[in-house]
Amino acid sequence: GDTEKVDIRKDQYHINSVGTLGSVLSTVLADQKLLRDSVGAISKDGMLTNTYQEKRGNTDLLIARVEKSIVNFYKVSSRTPPVGSAPYTGRLLDMVTVGYQFIGRDLPAKSIVLPVTDGRSIKTYTLVRGEPWDFPFDGGNVKAVRYYKTTSKDDTATFEIWFSEKEHVPLHSVIGLNAQYGATIQVDLKKIPKF
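Residues numbered from 1 in each chain as written. Predicted model: local features only at pLDDT ≥ 70, side-chain atom pairs only at ≥ 80, totals over all residues. Heavy atoms only, no water.

Colleague: Please clarify how the overall build of the protein should be interpreted in this entry.
Modeller: Along the backbone of the protein there are zero helices and 14 strands. N-terminal to C-terminal, the α/β element order of the protein is β-β-β-β-β-β-β-β-β-β-β-β-β-β. Expressed as a percentage of the 195 residues in the protein, the buried residues total 44%. At a minimum sequence separation of 6, the contacts of the protein that also span at least 24 residues come to 39%. Approximately 10400 Å² of the protein is accessible, and the part contributed by carbon and sulfur atoms is 52%. (Helix = DSSP H or I, 4+ residues; strand = E, 2+ residues; numbered from the N terminus. Buried < 20%, exposed > 50% of the residue type's maximum accessible area, 1.4 Å probe, protein only. Contact = heavy atoms within 4.5 Å. Areas by Shrake-Rupley, 256 points an atom, 1.4 Å probe, with all protein chains shown as cover.)

Colleague: I would appreciate a short explanation of the pairing of strand β4 (residues 46-56) in the present structure.
Modeller: Side-chain direction in a regular strand flips from residue to residue, so the side chains alternate between the two faces of the sheet. Across 10 bridges, the pairing between strand β3 (residues 33-43) and β4 is antiparallel. When the sheet's bridge partners are listed, R36 is paired in β4 with E54. Where β3 hands over to β4, the hairpin turn is made up of two residues, counted between the paired strands. Relative to strand β5 (residues 62-67), β4 is paired through four bridges, and the arrangement is antiparallel. Residue pairing across strands places Q53 opposite I63, the latter belonging to β5. (Pairing = 2+ DSSP bridges.)

Colleague: Any chance you could explain the environment of E165 here in plain terms?
Modeller: Relative to the helices and strands, E165 resides in the loop between β12 (159-164) and β13 (170-176). As for E165 and R146, which are separated by 19 residues in sequence, their C-alpha atoms are 9.8 Å apart. In this structure E165 touches P132, K143, A144 and V145, once residues within four positions along its chain are discounted.

Colleague: Any chance you could explain the pattern of salt bridges here in plain terms?
Modeller: Between side chains of opposite charge, pairing is possible as soon as their charged atoms come close. Throughout the structure, instances matching the rule amount to nine salt bridges. In this structure, the salt-bridge partner of R56 is E54, at a minimum N-O distance of 2.7 Å. Overall, R56 belongs to the buried group, its relative accessible area being 17%. Linking R146 and E160 is a salt bridge whose minimum nitrogen-to-oxygen distance equals 2.9 Å. A residue pair is termed long-range when its members are at least 10 positions apart, and R146 in strand β11 (residues 140-149) and E160 in strand β12 qualify at 14 residues. (Salt bridge = Lys/Arg side-chain N within 4 Å of Asp/Glu carboxyl O.)

Colleague: Just checking my understanding: could you explain the pairing of strand β6 (residues 70-75) for this structure?
Modeller: Pairing between β5 and β6: six bridges, direction antiparallel. Residue pairing across strands places R65 opposite N72, the latter belonging to β6. Between β5 and β6, which pair antiparallel one after the other, the connecting turn spans two residues, and K68 there sits at a positive phi close to 55°.

Colleague: Teacher, can you tell me more about the confidence of the model for the protein here?
Modeller: Fine structural detail should not be taken from predicted coordinates in areas where pLDDT scores are low. Model confidence for the protein is summarised by a mean pLDDT of 85, while 88% of its residues fall at 70 or above. Here strand β14 (residues 183-188) stands out as the element of the protein with the lowest mean pLDDT, 73, in contrast to β6, whose mean of 96 is the highest. (pLDDT = per-residue confidence, 0-100.)

Colleague: What is the right way to look at the environment of E160 in this model?
Modeller: Sequence spacing of E160 and T150 is 10 residues, and the spatial spacing of their C-alpha atoms is 9.6 Å. Filtering out sequence-adjacent residues up to four positions away, E160 remains in contact with R146, Y147, Y148, H172, S173 and V174. A distance of 2.9 Å separates the side chain of E160 from the side chain of R146, its partner in a polar contact. (Polar contact = N/O pair within 3.5 Å; in protein donor to acceptor, adjacent residues only side chain to side chain.)

And the structure:
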């Protein structure tokens, strides 16, 4: 099943996530796993990615690694030369930590702009605050607030997170693969992690 192993300490974190690819149009991806792993530091501004790894089904493992003022991108192994890089200053989040940014802090009242890596590049995500929902969770109902990413012609991928109103953890997220797959990935927390 889908799990997230969350280990958050005072100055560092490690989150390991397993999700299932649910496909709308393509059977190519059906029932394959989405594996994601994020390791990094915790500062007063929240989580800062150091290494992010992602593997979708039988595609190549993608790795993003912060090295001083750049992020290097690798395929399969970081022992091989990088396949690309991007300049980097300030904060960097990834597809896992974007869901854990607001633990112990207020959820943004309107929208928020965040730099996020998916293991291939760094993109700027604008997350817009949506409506609060009563979310079925762990045998009961939990109030959660939906945030969704704006899309454009250049960036058609969709992304939504439902944060629990109390702990601000990502109860449910939906990651849309780009239009060519017509697929989404859903990741559900089974229980609220202890911090």
